[in-house]
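Per-entry structural report
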Amino acid sequence: MKTTIYSTHKFDKPSIENANKGKHQLNFLEFRLTKETALLAEGSKAIALFSSDDASSEVLDILHKLGIKFIALRSAGFNHVDLEKAAELNIKVARVPAYSPYAIAEHTMALILALNRRLIKAHNRVREQNFSLNGLTGFDLNGKTVGVIGTGKIGSVLVKILHGFGCNILAQDIEESKDLIDKYGVIYSDCATLCKHADIISLHVPLKASTKHLINKEHIALMKSGVMLINTSRGGLVDTKAVIEGLKTKKIGYLGLDVYEEEEGLFFEDHSDDILQDDVIARLMTFNNVLITSHQAFLTKTALTNIAETTIYNLDCFEKQKPSGNEISIN
Ligand SMILES: NC(=O)c1ccc[n+]([C@@H]2O[C@H](COP(=O)([O-])OP(=O)(O)OC[C@H]3O[C@@H](n4cnc5c(N)ncnc54)[C@H](O)[C@@H]3O)[C@@H](O)[C@H]2O)c1
């Protein structure tokens, strides 16, 4: 089946080609899907999208006119697709529901450890032959309370890792996991209680209307002074301007982000020769207790292989008109 693959990067093209084994006719594009690039899918029956692509209502209209019948998402999250509009246009959508929750949970842990032990600062100092330890003091994770918001696939793996570090775990989710309570002594509570008691807060819920700006001025006000906040889920979960205020007042002592509200068009691309137009991320980058990675938590060999194999499987199933089990619809 002729398929246009948007947002192809050097890091994922080989895994897609390996999984495809020449079955589908793939048209690789380095561009993101936007209303300006949608026309490049002409002649394809399907498209494959990355989390940075824009499948909003207006873009779907263009794709529909071109005859696109299927969207294979190379991601678990689907907040970048207008599912209601896709259903109205009879464009089917499937995703990769799980490719490696370990990849994201382990990157979350890497951010926690790097921020706590000030690894970036330490590395830069040593490279300049400055072997002083002043300003590098961290804290023991053992015995600390970590608030995990969202204990699905990724949150559960993180709970297991944190338990290994000797942390106490508070959690918030619309569904409690008996397994996590029994195995790791997780205590479920509401978001406000979690904010009040956690030394570290990590976000693992999907972005939807009910979770947009979950971390806002009010929740930040409840947090412990010097709290560490980590977001490897979706940028929109956090009100970035409120977080900047929290950093300025030292309420937030550490911030680790793999995702950012306005990351579209910024993350995944080399802008090193450009003038940065986004004043909010520019301000974030001025704090020495902020560590930002550009949406790389998923980036392991295992995850790339699994994403590619499931994406090709989803294309196979659509072509044969059989269910893949990975379809997503409005509810
Ligand atoms: N940074 C990355 O590279 C990367 C990669 C993959 C996924 N993600 C993000 O991680 C998120 C979590 O992924 P997952 O695989 O663990 O998903 P999941 O569906 O397994 O878990 C999500 C959990 O959130 C809970 N939840 C949903 N709505 C909620 C609400 N309003 N309040 C409280 N809890 C709620 C669900 O009950 C579920 O337990 C994804 O939605 C995606 O945005 C990021």
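For clarity, every value in this text was computed on a predicted model and none was experimentally measured.

On to the packing of helix α1 (residues 13–20) against helix α12 (residues 301–320). Between α1 and α12, whose axes approach to 8 Å, the crossing angle comes to 45°. By the angle between their directions, the pair α1 and α12 is classed as oblique. Once α1 is placed against α12, the crossing between them reads as right-handed. Taken together, the residues of α12 that come into contact with α1 (itself represented by S15, I16, A19 and N20) are L304, A308, E309 and I312. For the contact of α1 with α12, the class distribution of residues is 5 nonpolar, 2 polar and 1 charged.

Our next topic: the site of the ligand. Around the ligand there are 22 residues in total, and Y99, K153, I154, D173 and T232 lie nearest to it. At 3.4 Å, a side-chain N or O of R234 approaches an oxygen atom of the ligand. At 3.2 Å from an oxygen atom of the ligand is found a main-chain nitrogen or oxygen belonging to F298. For the ligand, whose free accessible area comes to 870 Å², the fraction covered by protein is 86%. Its residues assigned to classes, the shell around the ligand shows 8 nonpolar, 9 polar and 5 charged.

Following the sequence through the fold, K65 ends up in helix α2 (residues 57–66). Through-space distance from the C-alpha of K65 to that of Q129 is 61 Å; in sequence the pair is 64 residues apart.

Next up on the list: the pattern of salt bridges. Under the counting rule described, the total for this entry stands at 9 salt bridges. A salt bridge links K35 to E36; the shortest N-O distance between them is 3.7 Å. Accessibility expressed as a relative area gives 58% for E36, which makes it exposed. For K178, the salt bridge goes to D182, with nearest N and O atoms at 2.7 Å. Placement of both K178 and D182 in helix α7 (residues 178–184) is noted, with a separation of 4 residues, approximately one turn of the helix. A residue is classified by how much of its surface remains accessible, and K178, at 59% relative accessible area, is exposed. Here the residues in one salt-bridge network are D61, K85 and E88, joined through shared partners.

Thresholds, definitions, all that
Residues numbered from 1 in each chain as written. Predicted model: local features only at pLDDT ≥ 70, side-chain atom pairs only at ≥ 80, totals over all residues. Heavy atoms only, no water. Axes fitted to C-alpha atoms, helices over the stretch in contact; angles between N-to-C directions. Helix = DSSP H or I, 4+ residues; strand = E, 2+ residues; numbered from the N terminus. Parallel < 35°, antiparallel > 145°, perpendicular 65-115°, else oblique. Left-handed = near helix turned anticlockwise from the far one by under 90°. Contact = heavy atoms within 4.5 Å. Nonpolar A, V, L, I, M, F, W, Y, C, P; charged D, E, K, R; others polar. Near = heavy atom within 4 Å. Polar contact = N/O pair within 3.5 Å; in protein donor to acceptor, adjacent residues only side chain to side chain. Areas by Shrake-Rupley, 256 points an atom, 1.4 Å probe, with all protein chains shown as cover. Salt bridge = Lys/Arg side-chain N within 4 Å of Asp/Glu carboxyl O. Buried < 20%, exposed > 50% of the residue type's maximum accessible area, 1.4 Å probe, protein only.

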